[in-house]
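Structural characterization, general
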Amino acid sequence: MNISVIGCGYVGTTTALMFCELGYQVVAVEKDSKKLAMLQQGKLPFHEPGIDSLLIKHLHRGSLVFTGDIEEGIAHSKIIYITVGTPSLPDGSSDLSFIEEVSRQIGAAQNDYKAVVIKSTVPLGTVDKVREWIGKAQKRPLPVDLVVNPEFLREGSALYDTMHPDRIVIGSDNPEAAETVKQLFHSMSCPIIVTDCNTAQLIKYTANAFLATKISFINEIGRVCDAYGANIEEVASGVGLDHRIGPHFLRAGIGWGGSCFPKDIAALINMGNNNGINLQIVQSAQQVNQDQIGYFIDRLEGELHGLNNKTVSIYGISFKPETDDIRESPSLKVIAEVQRRGGTVAAYDPMVFDKHPELKLPGVRVARNMEDAWKGSDCFFLITEWDQFSKIDWGQVMQEMRTPLVLDGRNVLDARKLRSLGFRYYGIGRKTGIIHE
Ligand code: UGA
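Because the structure is predicted, anything quoted here is derived from the model rather than measured.

**What to know about the overall build of the protein chain**
If you tally the helices and strands in the protein chain, you get 17 helices and 14 strands. Taking all 437 residues of the protein chain together, 53% fall into the buried category. Total accessible area on the protein chain is roughly 19,300 Å²; 54% of this is exposed by carbon and sulfur atoms. Across the protein chain, the centroid of the 45 positively charged side chains sits 1 Å from that of the 52 negatively charged ones.

**Here we look at helix α9 (residues 197-228)**
Compared with an ideal rise of 1.5 Å per residue, which puts 32 residues at 46 Å, α9 spans 47 Å between its outermost C-alpha atoms and is within 8% of the ideal. For α9, the side-chain oxygen to backbone nitrogen distance between the N-cap and asparagine 198 is 3.2 Å, and the N-cap itself is aspartate 196. Positive backbone phi, approximately 75°, marks glycine 229, located one or two places after α9.

**Describing unusual backbone geometry**
When glycine is set aside, most residues are seen to have a negative phi, and most peptide bonds are trans. If you check the backbone angles, asparagine 309 has positive phi at about 60° while not being a glycine. Among the structural elements, asparagine 309 can be located in the loop between α12 (280-304) and β9 (311-315). A residue is classified by how much of its surface remains accessible, and asparagine 309, at 72% relative accessible area, is exposed. For glutamate 322, which is not glycine, the phi torsion reads 65° and is therefore positive. Note that glutamate 322 resides in the loop between β9 and α13 (330-340).

**Regarding the pattern of salt bridges**
In the structure shown here, the tally under the stated rule is 28 salt bridges. Between glutamate 21 and lysine 57 there is a salt bridge whose closest N-O contact spans 2.8 Å. Residue glutamate 21 is found in helix α1 (residues 10-21), and its partner lysine 57 is found in helix α3 (residues 51-61); the two are separated by 36 residues along the sequence. Beyond isolated ion pairs, a larger network of salt bridges with shared partners links Asp298, Glu301, Glu337, Arg340 and Arg341.

**Quick look at the environment of isoleucine 335**
When you line up the elements, isoleucine 335 lands in helix α13. When its relative accessible area of 4% is taken as the criterion, isoleucine 335 is described as buried. When neighbours within four sequence positions are excluded, isoleucine 335 is seen to be in contact with Ile314, Ile317, Val345, Leu361 and Val364.

**A look at the sheet that holds strand β3 (residues 64-67)**
Read from one edge of the open sheet, eight strands run β3-β2-β1-β4-β5-β6-β7-β8, paired in mixed fashion. Edge positions in the open sheet fall to β3 and β8 (192-195), since each of these has one partner strand only. Taken pair by pair, the neighbouring strands of this sheet meet at an average axis angle of 25°, ignoring direction.

**Things to note about the sheet that holds strand β10 (residues 344-348)**
Read across the open sheet, the six strands follow the order β11-β10-β9-β12-β13-β14; overall the sheet is parallel. Two strands lie at the open edges of the sheet, namely β11 (364-366) and β14 (424-426), each paired on one side alone. This sheet shows a mean twist of 20° between the axes of neighbouring strands, independent of strand direction. Judged from the three bridges that link them, strand β13 (residues 405-408) and β14 form a sheet pairing that is parallel. Across the sheet, leucine 405 pairs through a bridge with arginine 424, a residue of β14.

**Comments concerning the layout of surface pockets**
Approximately 1,400 Å³ is the volume attributed to the second largest pocket. For the lining of the second largest pocket, the elements supplying multiple residues, two or more each, are α1, α7 (158-163), β7 (168-172), α9 and α10 (232-240). A total of five residues in the lining of the second largest pocket trace back to one element, the largest contributor, which is α9. Class assignment of the residues belonging to the lining of the second largest pocket gives a composition of 24 nonpolar, 13 polar and twelve charged.

**Focus on the pairing of strand β6 (residues 144-148)**
Burial analysis of β6 places five of its five residues in the buried class, which makes it a mostly covered element. Of the pairings in the sheet, the one linking β6 to β7 comprises two bridges and is antiparallel in character. Residue pairing in the sheet places valine 148 in a bridge with glycine 171 of β7.

**Structural notes on the packing of aromatic side chains**
Applying the stated criterion across every chain, the model contains 13 aromatic pairs. Judged by centre distance (4.8 Å) and plane angle (65°), the ring pair of phenylalanine 380 and tryptophan 394 falls under edge-to-face. Here the residue phenylalanine 380 occupies a position in strand β12 (residues 379-382), and tryptophan 394 occupies one in helix α16 (residues 394-400), the gap between them amounting to 14 residues. Like phenylalanine 380, the residue tryptophan 394 is buried in the burial classification.

**A closer look at the site of the ligand**
Near the ligand, the surroundings consist of 21 residues, among which Glu151, Leu153, Glu155, Lys204 and Cys260 are the closest. At 2.8 Å, a backbone N or O of phenylalanine 152 approaches an oxygen atom of the ligand. For the ligand, an oxygen atom lies 2.9 Å from a polar atom in the backbone of arginine 251. When isolated, the ligand has an accessible area of 710 Å², and the protein chains bury 96% of it. Here the ligand occupies the second largest pocket.

Cut-offs used in this document
Residues numbered from 1 in each chain as written. Predicted model: local features only at pLDDT ≥ 70, side-chain atom pairs only at ≥ 80, totals over all residues. Heavy atoms only, no water. Helix = DSSP H or I, 4+ residues; strand = E, 2+ residues; numbered from the N terminus. Buried < 20%, exposed > 50% of the residue type's maximum accessible area, 1.4 Å probe, protein only. Areas by Shrake-Rupley, 256 points an atom, 1.4 Å probe, with all protein chains shown as cover. Lys, Arg positive; Asp, Glu negative; His and termini not counted. Charge placed at Lys NZ, Arg CZ, Asp CG, Glu CD. Expected span 1.5 Å × (residues − 1). Polar contact = N/O pair within 3.5 Å; in protein donor to acceptor, adjacent residues only side chain to side chain. Salt bridge = Lys/Arg side-chain N within 4 Å of Asp/Glu carboxyl O. Contact = heavy atoms within 4.5 Å. Pairing = 2+ DSSP bridges. Axes fitted to C-alpha atoms, helices over the stretch in contact; angles between N-to-C directions. 1 Å grid on protein atoms, 1.4 Å probe; cavity = no way out; pocket = protein on both sides within 12 Å on 5 of 7 lines; lining within 4 Å. Points joined across faces, edges and corners; volume = space filled by probe spheres on them. Nonpolar A, V, L, I, M, F, W, Y, C, P; charged D, E, K, R; others polar. Phe/Tyr/Trp six-rings, centres within 6.5 Å; stacked < 30°, edge-to-face > 60°. Near = heavy atom within 4 Å. Sits in = over half its atoms within 2 Å of the grid points.

This is the structure:
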């Protein structure tokens, strides 16, 4: 069976490789010539653990071919996956211009039946638009089925999540088309939910909104912990043991970022607003997340008695470890807020600056290594929990910082050790407790 995948970001590339692993012949289409050249040479244009070796394996086997020619991609298969981006517009709605462009190209190049599968996260109702865009571009009327197959992978563990999904969701208004797509996954053992398009899309939005709300919820409880000297990790593990709640996504910290949660939550709120539905819980989750940056920076400002003439060292620029993705990264918001309040910033990230030499952060001193960032600094501010930050020689840090202040935006450092070394250490909700302190 042949499959085509249009759009080779981390979702498209991972999806293409997953289908190769499942035994299909895949043509992947990428319009950015620089990215395309890299992929054709077996090089990833983004960082994602484990993907590199699979890419080389399937290029060598010939099970995966990259092309810039969308017509070749469309001619190759009856099943065409759309995996292009749907970024946020200023009002929170999704920019569907890439989806529209690809839909029109599919219609224009179509010469026989196609099942078009939308994997990109798109607002409810988009399927009808895609059908219309394809139909209008067709040279003569040809049959097409629309299917929705949302993705649930996380950056940094994209390959594992794709090969070991909790569930697969397939939506279509045509049961036969849904069945064709379902059969692609016949060798996978997870539950497969088959439903209509809007329901499938809403499963995706609801999952992301629920996970983000869970994090905002525990972050709010973290503030209560700070006020009363309770320990947030013990609270989280205490409630997480309740099977109805579960232990995941209860790590308190500086909040969520990335290319998915902020965009999908904004889109969900926007979809509600368009229909007179005020999604209060989701809006509050968004607000708590925005406020969390200020919560940490108020602490910073208080501890340093103002930020004028103070240097803050930011550790981690990507929105989470094991990725070079900086979209909606909390670090960028922290940097802007520290600068707005008069402080200067030094920043270190083990990957982002190497992968993105074009990245400009005005006024920020980019440190060459971890040590370079803390020298003479007034605050060691950890924002992304890269593994190497857990192996720091804190004795050396104590010697070389100007002010022994540590803010831990991910509650990952050893609070007891740092305090015993003489640091003023703050995470969130980590004043007391016996597990981590
Ligand atoms: C998220 C979802 O987890 C995936 O299921 C979904 O497929 C994806 O969005 C998407 O829609 O494409 P991702 O954004 O890659 O995946 O990363 P997550 O691991 O979910 O982390 C998101 C943010 O939440 C990060 O900034 C992370 O640091 C933060 N987070 C996560 C917390 O602050 N606390 C937690 O307990 C967990």
